[in-house]
Each structure stands twice: as structure tokens, then as C-alpha cells.
Amino acid sequence: MCQSTWHDFLRGLPKCEHHVHLEGCLTPELIFSLAAKNQVQLPDAATNPAYESIETLTARYGNFTSLDDFLHFYFIGMSVLNQESDFADLAWAYFQKAHADGVHHAEVFFDPQVHQDRGIPYETIVAGFVAGCKRAEAELGLSTRLILCFVRHLPVASAEKTYQDILDSRHFESDVIHGLGWSSTEVGPPKDMYRDIYASAAQRGVRLTAHAGEEGDPTHISVALELGATRIDHGIRLVEDPVLMQRIVDEGILLTVCPLSNVQLKCVKSVAEVPIRTFLDAGVKFSINSDDPAYFGGYILDNYCAVHEAFALSVDEWRTIAVNSVSESWIGEERKKELFESIDAHVLKFAELV
Ligand code: HPA
Ligand code: ZN
């Protein structure tokens, strides 16, 4: 835990979260209780001992060996969501935690293909998550955005079906779906598997992001940019390509960095190895995020604190991170102005830390 005055500063610093998977907020407790409620069969403990109990599952989460090892558990976990209210409650649980951590604006991912694959209608999933977002806006004063993520372990045809569902329900026009992303297995499937979908979405003016440069080399990042992404999720391997890094700086592209996730998935050995200092010094814009808080042992404030412990940033550097998080959020100028003002007011209160 960081020192108490710093902890207060970091907790109250107005935050934007740009990289959190709502399904990644399913805790082992919730997985077991929803499985019982919805009569979903979790893996047999005889073949997968992690599913013996909440405690054994929690312990297993502490030993992920790679992104794909984590994804195995992540996709089993989300199989317990059935009813619209399950999706709404999950989103609401996340927003309450985020609000307590000082999040003012949240852009959240969800993976409909995986639910649709097991027979849950697109409308049920979206209606539930939208209800959670609306509640957070009404009761907590957060602004929210839903980003639909395609998953790279399923065939392109599956993504095309979901894309058609978005078009049929006119969810781009009504701003229900604010942007598209891609996630899941990075190394293996073709880097440009969503070329056609991204081209179509870009033509409609839809915001595009992509998980790239988490486990995969920087060419995953350059292909994502080529396909129209204007934001990169993770992107920590960008440091291996200084020319590409300069392009990211010049184009003002935001990286949504997730330090505790990177450690838990063995992308780095410790938070100190996440290239926070390199990015700050080079002028790369980034935000700090939780990714899958129920799996990686921390919500957004835990990530902020871990970064502070590893890098001892100054108030001014934290202000830069907060300001960049607002300026690269997918919100209007008026909301940005409100958030900039809250950052300035907060920084003023902690002037003695300078
Ligand atoms: N990487 C790729 N896919 C994911 C992740 C991640 O960190 N979290 C949930 N799906
Ligand atoms: Zn992610």
C-alpha cells in the first residue's frame, strides 16, 4: 500500500478507466453463486481441481502462466451469466467499485460473441449492460461508454454475425455501442482478421481500438493502426520499436496500460518493468487500468498505487496521466472540461506533495 497522503491523493484523483472487461469483474464468489442460481455446470473438480471451491479458484488465479491460461478460466467464468439482470448486476457491481476508486468516466468492454455462442441473445446481453451503465450514470454521476470486443479465438464469421446484430439494432446510430475493440488470444490468429469489419465500421465513423502488444510483438500494434484503430489496449511492447513509438506520440494515440494484469499474465516480472517511465519521457499518452480486476487481484486504484510504488511519480506526472486520460476519452468537450476542472481542483488540494 502506498503512503497514506499519497494514497489519498491517488484515490481522489479523478480517473477515466478505458480498459476493463465487464466479464472480468466476475469474482469467484459470484461465479459460484450465479452457477447455482442459473443451474450452470462448472467444470468437475475431479478433472479441474481449481473448481473445488471459491478458495481453490481464487488460489489458481494467482498462478496464471500466460494470456491463454487466463483466458481458459475467464471464458468458463462468464458462462454463468444468463439473465438480463445478471449482466446488469455485474456492471453495477463494477461501477460501484470504480466510483469508490475515484473513477468519473468509464469505457467498458464486453464480449457478446462468447455469450451468443452458448445461446444467449445479443439483445439480452446488451440490455443488461446498458441498464448497469444507466444506473451508474443516474446514481453515481459517472459517464459511461460501451465498447463491444470481438474475440480472436472464434472464427471471423462469428464476429460478422455479431457485427450484423449491431447494425440490425441500429446500436451505432443510437450510441448504445460507442466503439469496437478486439481481444482474446493475441499470438496465433491472423493479425488482420477484422480488416473488413473495421473498414466498414470506420466508414460509419465508429471509434476503434484493439488489444495489441500485450504478448505479441509491435507488428500487432502496427496492423491494428493500419486497420483503423485510434487507440491501443495494452501496447507495452511498443518500446521495442522506437520508430513506431514516435508515430504513436505524433498521432496522439492512447495506450490503455494495465500494470497488474501484465504482471499476473507474466508479460513482465514486476510493475517496475511496465514501461511507464519510458512512455512518460517519450510523450506517449497512456491511461492506467484494471483489465480484469476479479482475476488480477486489483481494481483501478490498486493499479495506480502499484505504479506509484514502482515509479514514485510526481504530482505533476500524475496530473499529466489524468489529463491525458480525459483528453483521449471518447466523450464530448463539455464533459472533458468538467473533468479537467475536477483534476485541477484536486491537484490544488494536494499542493504540499509537490
Ligand atoms: N487480453 C486479451 N484478451 C482479454 C484480456 C486481455 O488482457 N482480458 C480479457 N480478455
Ligand atoms: Zn483487456
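Check the entry above for the structure.
Quick look at the structure, then. (Residues numbered from 1 in each chain as written. Chains lettered and ligands numbered in written order. Predicted model: local features only at pLDDT ≥ 70, side-chain atom pairs only at ≥ 80, totals over all residues. Heavy atoms only, no water.)

**A word on helix H10 (residues 219–226)**
Thinking step 1. By the burial criterion, the buried members of H10 are His220, Ile221, Val223, Ala224 and Leu225.
Thinking step 2. Along its buried surface, H10 packs onto strand S4 (179–183), strand S5 (207–212), strand S6 (231–234) and helix H11 (242–250).
Thinking step 3. At the C-terminal side of H10, Gly228 shows a positive phi close to 115°. (Buried < 20%, exposed > 50% of the residue type's maximum accessible area, 1.4 Å probe, protein only. Helix = DSSP H or I, 4+ residues; strand = E, 2+ residues; numbered from the N terminus. Contact = heavy atoms within 4.5 Å.)

**With respect to the coordination of the zinc ion (ligand 2)**
Thinking step 1. At the metal site, the zinc ion (ligand 2) is ligated by His19 (NE2), His21 (NE2), His211 (NE2) and Asp291 (OD), and these contacts range over 2.0 to 2.3 Å.
Thinking step 2. Coordination at the zinc ion (ligand 2) comes from four donor atoms whose angles at the metal span 83 to 172°, giving a geometry best classed as irregular.
Thinking step 3. Donor residues binding the zinc ion (ligand 2) come from one chain and are separated in sequence as H-x1-H-x189-H-x79-D. Note that His19 is positioned in strand S1 (residues 15–21) and Asp291 in the loop between strand S8 (286–288) and helix H14 (293–296), a separation of 272 residues in sequence. Across this residue pair, the class does not change: His19 and Asp291 are buried. (Donors = N, O, S within 2.8 Å, 3.2 Å for Na, K, Ca; no water. Tetrahedral: all angles 85-135°; square planar, octahedral: opposite > 155°, others 65-115°.)

**Overview of the pattern of salt bridges**
Thinking step 1. Going through the model one piece at a time under the given rule, you end up with 17 salt bridges.
Thinking step 2. Here Asp86 ties to Lys37 by a salt bridge, and the two come within 3.0 Å at their closest N and O atoms. Placement of Asp86 in helix H5 (residues 84–100) and of Lys37 in helix H2 (residues 28–38) is noted, with a sequence separation of 49 residues between them.
Thinking step 3. Relative accessible area serves as the criterion here: at 3%, Asp86 is assigned to the buried category.
Thinking step 4. Between Glu251 and Arg247 there is a salt bridge whose closest N-O contact spans 3.0 Å.
Thinking step 5. Exposure remark for Glu251: the relative accessible area of 46% places this residue in the partly exposed category.
Thinking step 6. Under the relative-accessibility criterion, Arg247 is labelled partly exposed at 32%.
Thinking step 7. Where salt bridges share partners, they join Asp192, Arg195 and Glu226 into one cluster. (Salt bridge = Lys/Arg side-chain N within 4 Å of Asp/Glu carboxyl O.)

**What about helix H17 (residues 333–349)?**
Thinking step 1. Along its 17 residues, H17 runs 25 Å from first to last C-alpha, staying within 8% of the 24 Å computed at 1.5 Å per residue.
Thinking step 2. Check the buried side of H17 and you find it contacts helix H1 (4–12), S1, strand S2 (103–110), strand S3 (143–151) and helix H16 (315–327). (Expected span 1.5 Å × (residues − 1).)

**Things to note about the sheet that holds S1**
Thinking step 1. Ordered in space as S1-S2-S3-S4-S5-S6-S7-S8, the eight strands form an open sheet in which the pairing is parallel. Strand pairing shows two members of the sheet lacking a second neighbour, S1 and S8, which therefore form its edges. Each strand axis lies, on average, 25° off the axis of its neighbour in the sheet, ignoring direction.
Thinking step 2. With three bridges joining them, strand S7 (residues 254–257) and S8 adopt parallel strand pairing. Paired with Leu255 across the strands is Phe286, a residue of S8.
Thinking step 3. Running over the sheet, helix H15 (residues 300–311) touches S1, S2 and S8 and is turned about 110° from S1.
Thinking step 4. With respect to the sheet, H16 is in contact with S1, S7 and S8, its orientation differing from that of S8 by roughly 105°. (Pairing = 2+ DSSP bridges. Axes fitted to C-alpha atoms, helices over the stretch in contact; angles between N-to-C directions.)

**Some words on the site of ligand 1**
Thinking step 1. The environment of ligand 1 is formed by His21, Leu67, Phe70, Leu71, Tyr74, Ser183, Ser184, His211, Glu214, His234, Asp291 and Asp292.
Thinking step 2. A distance of 3.3 Å is found between a nitrogen atom of ligand 1 and a side-chain nitrogen or oxygen belonging to His21.
Thinking step 3. Measuring from a nitrogen atom of ligand 1, one finds a side-chain N or O atom of Asp292 at 2.7 Å.
Thinking step 4. Contact with the protein chains removes 100% of the 260 Å² of surface that ligand 1 exposes when unbound.
Thinking step 5. If one sorts the elements of the shell around ligand 1 by residue count, helix H4 (residues 67–77) sits on top with four residues.
Thinking step 6. Looking at side-chain class alone, the shell around ligand 1 contains four nonpolar, five polar and three charged residues. (Near = heavy atom within 4 Å. Polar contact = N/O pair within 3.5 Å; in protein donor to acceptor, adjacent residues only side chain to side chain. Areas by Shrake-Rupley, 256 points an atom, 1.4 Å probe, with all protein chains shown as cover. Nonpolar A, V, L, I, M, F, W, Y, C, P; charged D, E, K, R; others polar.)

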